[in-house]
Amino acid sequence: MRAAICYEAGSPLRVEELAIDEPGLGEVRVRIAACAICHSDIAYIKGLWGPIVPTVFGHEAAGVVEAVGAGTVDLTVGDPVLVTLIRSCGSCRSCGRGLPVLCDGGFRLNGESPLRHPDGRPVAQGLRTGGFAEQVTVHASQVVGLPAEMSLETASVVACAVLTGYGSVVHTAAVEPGSAVAVIGCGGVGLNAVQAARLGGADPVIAVDVAEPKLRAAERFGATRCVNSMGPDPVAAIRAMTGGAGVDYAVVTVGATAAVDLAFAITGAGGGVVLVGMPATGALAAFDPGTIANLNQRVLGSKMGTVRLERDVPAILELYRAGRWKLDELITGRYPLDAINEAIAAAQAPDSLRTLIVN
Ligand SMILES: [Zn+2]
Ligand SMILES: [Zn+2]
């Protein structure tokens, strides 16, 4: 099968023929129909999170089950599925606490990539998926069945951006109706945090970004107010929108420490700062612990929106089916695998939301 390999940080990916394992115990192989490009893929490709060994990235995918390994009971060849990076065992301490995103169970694929060059040289499976490819072999816990009528291209964006944005608001923060919510960063994750906040009855829902096209998109996804953080005094502007009190939740979806600083500056008494985006390894943010204590604030980390696939994917798809959740509107470009470098460039344009690789 063909896959796009990253050999060196910052260099173009190369589409080459790779061998892929047959699915082993509890695993499944999926023929990929669409894989969206996430900013996490781009951060890895740029080397922000560490050195690169030859790796296939891509982790926001949907496709059709092509082979099932022994012990994979819930899936059948031909099933349409969402493919995510959330690999969970169901029996470790984190899984037992309802936190499969933190699973530390043992899996063959944790130590052994299913990908290699035809001559045997290893290629890493990036983000536990390797979705910029024609096929993936993943653990069965990483996939969720989709309704037969669902477009696989539309579904693909759910796997990371939608789940993370939705979960950060619904589960990590558990935003109450009437809360004032600011979402800092209005890319794929941020727009879905905006959608979730609005649907959950937050008011105002304040979209914050440096790019005007992203703010216009946020309005379409339910933001009631918009603030360009490159403007003269974004803190004063956001505080003015909440009668001076500050927001109840500031959801930071970008991996920039300036966005974290802004979140602390706009969060009011009793409020929570929700950290979703991950800055480059080693980047630090400063905060005033006295203020946080005195204002009874919370700082909440949100890995993949604290989601549980079997609960949250059906919930989101039902909202979509009922016309209450936008998915198609997130897709702003489609490219074949051979054009992956053009697709990655397009994904970084200010007016792009989600760019898909389609097979
Ligand atoms: Zn992602
Ligand atoms: Zn586990």
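Rules used throughout
Residues numbered from 1 in each chain as written. Chains lettered and ligands numbered in written order. Predicted model: local features only at pLDDT ≥ 70, side-chain atom pairs only at ≥ 80, totals over all residues. Heavy atoms only, no water. Helix = DSSP H or I, 4+ residues; strand = E, 2+ residues; numbered from the N terminus. Rg over C-alpha atoms; globule rule 2.2 N^0.38 Å. Buried < 20%, exposed > 50% of the residue type's maximum accessible area, 1.4 Å probe, protein only. Areas by Shrake-Rupley, 256 points an atom, 1.4 Å probe, with all protein chains shown as cover. Lys, Arg positive; Asp, Glu negative; His and termini not counted. Charge placed at Lys NZ, Arg CZ, Asp CG, Glu CD. Domains from an automatic or database assignment. Contact = heavy atoms within 4.5 Å. Buried area = accessible area lost by both parts, 1.4 Å probe. Salt bridge = Lys/Arg side-chain N within 4 Å of Asp/Glu carboxyl O. Nonpolar A, V, L, I, M, F, W, Y, C, P; charged D, E, K, R; others polar. Donors = N, O, S within 2.8 Å, 3.2 Å for Na, K, Ca; no water. Tetrahedral: all angles 85-135°; square planar, octahedral: opposite > 155°, others 65-115°. Disulfide = S-S within 2.5 Å. Core = buried A, V, L, I, M, F, W, Y, C linked by side-chain atoms within 4.5 Å. Phe/Tyr/Trp six-rings, centres within 6.5 Å; stacked < 30°, edge-to-face > 60°. Pairing = 2+ DSSP bridges. Axes fitted to C-alpha atoms, helices over the stretch in contact; angles between N-to-C directions.

(A) Spotlight on the overall build of the protein chain. Scanning the protein chain from N- to C-terminus turns up twelve helices and 19 strands. Taken over the C-alpha trace, the protein chain has a radius of gyration of 20 Å; the compact-globule value for 359 residues is 21 Å, and the two agree within 12%. When the backbone C-alpha atoms are referred to their principal axes, the protein chain occupies close to 60 × 40 × 40 Å. In the protein chain, buried positions account for 54% of the 359 residues. Accessible surface, the protein chain: about 14,400 Å² in total, of which carbon and sulfur atoms supply 54%. Distance between charge centres in the protein chain, computed from 27 positive and 34 negative side chains, equals 3 Å.

(B) A look at the domain arrangement of the protein chain. Under the domain assignment, the protein chain is made up of domain 1 (2–157 + 327–358) and domain 2 (162–303). When each unit is reduced to the centre of its C-alpha atoms, the spacing between domain 1 and domain 2 is 28 Å. Of the residues lining the interface, 15 residues belong to domain 1; the matching set on domain 2 comes to 16 residues. Between domain 1 and domain 2, roughly 1,300 Å² of surface is buried when both sides are summed, and carbon and sulfur atoms account for 68% of that area. Counting the surface domain 1 buries against domain 2, the share from its top three residues, Trp49, Leu330 and Leu353, is 39%. In this structure, the connection of domain 1 to domain 2 is made through zero salt bridges. For the side of domain 1 that touches domain 2, the per-class residue count stands at ten nonpolar, two polar and three charged.

(C) Quick look at the coordination of the zinc ion (ligand 2). Every protein donor of the zinc ion (ligand 2) is accounted for by Cys89 (SG), Cys92 (SG), Cys95 (SG) and Cys103 (SG), and the metal-donor separations fall at 2.3 to 2.4 Å. Taken together, the four donor atoms coordinating the zinc ion (ligand 2) span angles of 103 to 119° at the metal, a pattern that classifies the geometry as tetrahedral. Spacing between the donor residues of the zinc ion (ligand 2) along the chain follows C-x2-C-x2-C-x7-C. Cys103 matches Cys95 in its accessibility class, with the two residues each being buried.

(D) Examining the state of the cysteines more closely. Throughout the structure, instances matching the rule amount to zero disulfides. Just so you know, Cys6 is unpaired, no disulfide at all, and the nearest cysteine sulfur is the one on Cys35, 14 Å from it.

(E) Region of the structure containing the nonpolar core. The biggest cluster of nonpolar side chains holds 98 residues, and the ones touching the most others in it are Val56, Val83 and Phe132. In this structure, this core is formed jointly by two domains, domain 1 (2–157 + 327–358) and domain 2 (162–303), each of which donates at least three residues. Core analysis: the next-biggest nonpolar cluster, separate from the first, contains 19 residues, Ala180, Ala182, Ile206 and Ile238 among them.

(F) Here's a closer look at the coordination of the zinc ion (ligand 1). Surrounding the zinc ion (ligand 1) are the protein donor atoms Cys38 (SG), His59 (NE2) and Cys160 (SG), at 2.0 to 2.3 Å. Counting gaps between the donor residues of the zinc ion (ligand 1) yields the pattern C-x20-H-x100-C. With Cys38 in the loop between strand E4 (27–36) and helix H1 (39–45) and His59 in the loop between strand E5 (55–56) and strand E6 (60–68), this pair connects stretches of sequence that are 21 residues apart. Neither residue differs from the other here; Cys38 and His59 are each classed as buried.

(G) Examining the packing of aromatic side chains more closely. Counted according to the given criterion, the structure contains four aromatic pairs. Between Tyr44 and Trp49, the ring centres sit 4.9 Å apart and the planes meet at 90°, which makes this aromatic pair edge-to-face. Ring centres 5.6 Å apart and planes at 25° place the aromatic pair Phe264 and Phe287 in the stacked group. With Phe264 in helix H9 (residues 257–266) and Phe287 in the loop between strand E16 (267–275) and helix H10 (289–294), the pair connects residues that are 23 residues apart, well separated along the chain.

(H) Geometry of the sheet that holds strand E14 (residues 225–228). One open sheet holds the six strands; their spatial order is E14-E13-E12-E15-E16-E17, and the pairing between them is parallel. The open sheet has two edge strands, E14 and strand E17 (298–301), and neither has a second partner. Here the strands of the sheet are splayed against their neighbours by 20° on average, with no regard to which way each runs. Judged from the four bridges that link them, strand E13 (residues 205–209) and E14 form a sheet pairing that is parallel. In the strand pairing of E14, Asp209 is matched with Asn228. Relative to E14, helix H7 (residues 212–220) is tilted by about 170°, and along the sheet it contacts E13 and E14.

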